[in-house]
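Chain and residue survey
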Amino acid sequence: MKVDIKMTRAPLSSRGVSVADGRCGALVEFAGVVRKEEGERIIEGLDYEAYEPMARLEMGKILQSLAGEFPCASVEVQHRVGLVPAGEASVIVRVESKHRAEAFGLLAAFMDRLKADVPIWKSVP
Amino acid sequence: MKVDIKMTRAPLSSRGVSVADGRCGALVEFAGVVRKEEGERIIEGLDYEAYEPMARLEMGKILQSLAGEFPCASVEVQHRVGLVPAGEASVIVRVESKHRAEAFGLLAAFMDRLKADVPIWKSVP
Amino acid sequence: MDSVMRVLFFAHLKEITGTHSADISTEGVAASSLWSLLIERWPALLAHREGTRLACNGIYAEADAIFGNNDEVALIPPVSGG
Amino acid sequence: MDSVMRVLFFAHLKEITGTHSADISTEGVAASSLWSLLIERWPALLAHREGTRLACNGIYAEADAIFGNNDEVALIPPVSGG
């Protein structure tokens, strides 16, 4: 499984899902987007802080540990750090796989693990 | 839940997932892509035939029936008909929701139901 | 033209019947009778009866449905979209 | 500089300690002793001990881990990425 992990302060970019490697029948892109409402408050954005070397390492380990159960062709993760304005993506995950079941499975499991174990913290600035 | 269903002979277009409505925290785009390999054969593409009025109706009914369990803000479905070259998307589904769980749930359930009940047929030309 | 039922064929059923649609004059026919009528005309349809669902005016029909004039009845073999 | 352990603080722990990192001179210290040492210096950390994990050189540490010179030990409060 090809894995690509990027952490950046710049806005994340989506490649879209209209064309894929001809061996893959499923392509999924997921974006986690900062909502304007945090509880009862209207916010301008969220500030993301990361322990970057460990965050990369941990994301790689999580993906490798999921590759057996959900064998996909490739996974790209982009996570933004610093201030992310409301309406923009804090994380984008793109998965290509032969069939959709493993792409959906990997994506859902990865997001659960990301939110449980990857050293990234958000706060209202 | 806003629902938009499109069937077209033209290549499908993906809007990407980098920006969303500020009330939505999750944005997913899924593409089902024609694979170069169909069993042992290498194919140029697949031909999709649809009973279009019923296909639209059925997709709308499926989405409405899933909206209770998976309340999402919006769902857009594009399904291509006619010849779809290998490497190109035959279907693109875009879901926006407050949290990711309902977007993932709706998408997976919709694709299962689409493949079971929507009157569309593919064949090797 | 206003007292005719149209029957639609898709995918391999279209090849078996050699047509995308057939008009049938009838005052009203149950699903099972419609099948008999179609199989009489195209015996090769028999092998596909199991697994093929009927839809009436774009909605899957119940097993005990009665189809009437002006209805558009479609034979829906196993689908494979997506 | 080559016989020092660096301890990193993130999120609200950084505000509690007033620093992103602290260097500690030690020959080797168990996880529980490190906590004692840190809480002695910043008592407010005590309230955050439960729920905060330790990582050593970018890897979550076991409860019985021993940290030594040149290790980078991070206090990882509950994460909230994604």
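The paragraphs below set out a description of the structure included in this document. Here the structure is a predicted model, which means the values were calculated and not measured.

**A closer look at the interface of chain A and chain D**
- Of the residues lining the interface, 21 residues belong to chain A; the matching set on chain D comes to 19 residues.
- The partner of Asp117(A) in a salt bridge is Arg53(D), and the shortest N-O contact between them spans 2.9 Å.
- Put simply, chain A and chain D have 14 residue pairs in polar contact (both at pLDDT 80 or more) between them.
- For the side of chain A that touches chain D, the secondary-structure elements that each account for two or more residues are strand 5 (45-50), helix 1 (52-67), strand 8 (89-97), helix 2 (100-117) and strand 9 (120-123) of chain A.
- With five residues, the single largest contributor to the side of chain A that touches chain D is helix 2 of chain A.

**A closer look at the pairing of strand 2 (residues 26-33) of chain B**
- Counted residue by residue, strand 2 of chain B has eight buried out of eight residues, so it is predominantly covered.
- By the alternation rule, side chains of strand 2 of chain B split into Ala26(B), Val28(B), Phe30(B) and Gly32(B) and Leu27(B), Glu29(B), Ala31(B) and Val33(B), which are all buried.
- As paired elements, strand 2 (residues 26-33) of chain A and strand 2 of chain B share seven bridges and run antiparallel to each other. In the sheet register, Val28(A) faces strand 2 of chain B, and the bridge partner there is Phe30(B).

**A word on the pairing of strand 1 (residues 4-9) of chain C**
Residue and element names in this part refer to chain C.
- Most of strand 1 sits inside the fold, with five of its six residues counted as buried.
- Of the strand pairs in this sheet, strand 1 and strand 7 (residues 72-76) are connected by four bridges, and their pairing is parallel. Bridge pairing links Leu8 to Ala74 in strand 7.

**Observations regarding the nonpolar core**
- Ranked by size, the top nonpolar core spans 68 residues in total, and within it Phe110(A) and Phe110(B) carry the most contacts.
- Leave out the neighbours within four places in its chain, and Phe110(A) touches Met59(A), Ile62(A), Leu63(A), Leu66(A), Val77(A) and Val93(A).

**Some thoughts on the arrangement of the chains**
- Counting contacts across all three pairs of chains found in contact, the highest total belongs to chains A and B.
- At the C-alpha level, the nearest point of chain A lies 10 Å from chain C, with no contact between them.
- The two units chain B and chain D are non-contacting; their minimal C-alpha-C-alpha distance is 10 Å.

**Comments concerning the relation of the copies chain B and chain A**
- The operation relating chain B to chain A is a screw motion whose rotation component is 180°, with 0.0 Å of axial translation and a residual RMSD of 0.0 Å. As the rotation angle and translation indicate, the two copies are arranged about a two-fold axis. Looking at the rotation axis and the C-alpha trace of chain B, the residue lying nearest is Gly16(B), at 2.1 Å.
- Both copies contact each other with a shared surface, as 100% of the interface residues of chain B are interface residues in chain A too.

**Topic: the pattern of salt bridges**
- A full pass over the atoms with the stated rule returns 20 salt bridges over all chains.
- Glu76(B) is paired through a salt bridge with Arg15(B); the nearest N and O atoms lie 2.2 Å apart. Taken together, the residues span a long stretch of sequence, with Glu76(B) in strand 6 (residues 74-80) and Arg15(B) in the loop between strand 1 (2-8) and strand 2 at a distance of 61 residues.
- Take Arg15(B): its relative accessible area is 54%, and that puts it in the exposed class.
- Each of the salt bridges in this network shares a partner with another, and the network as a whole consists of Arg113(A), Asp117(A) and Arg53(D).

Calculation notes
- Residues numbered from 1 in each chain as written.
- Chains lettered and ligands numbered in written order.
- Predicted model: local features only at pLDDT ≥ 70, side-chain atom pairs only at ≥ 80, totals over all residues.
- Heavy atoms only, no water.
- Contact = heavy atoms within 4.5 Å.
- Salt bridge = Lys/Arg side-chain N within 4 Å of Asp/Glu carboxyl O.
- Polar contact = N/O pair within 3.5 Å; in protein donor to acceptor, adjacent residues only side chain to side chain.
- Helix = DSSP H or I, 4+ residues; strand = E, 2+ residues; numbered from the N terminus.
- Buried < 20%, exposed > 50% of the residue type's maximum accessible area, 1.4 Å probe, protein only.
- Pairing = 2+ DSSP bridges.
- Core = buried A, V, L, I, M, F, W, Y, C linked by side-chain atoms within 4.5 Å.
- Least-squares fit on C-alpha atoms with pLDDT ≥ 70 in both.

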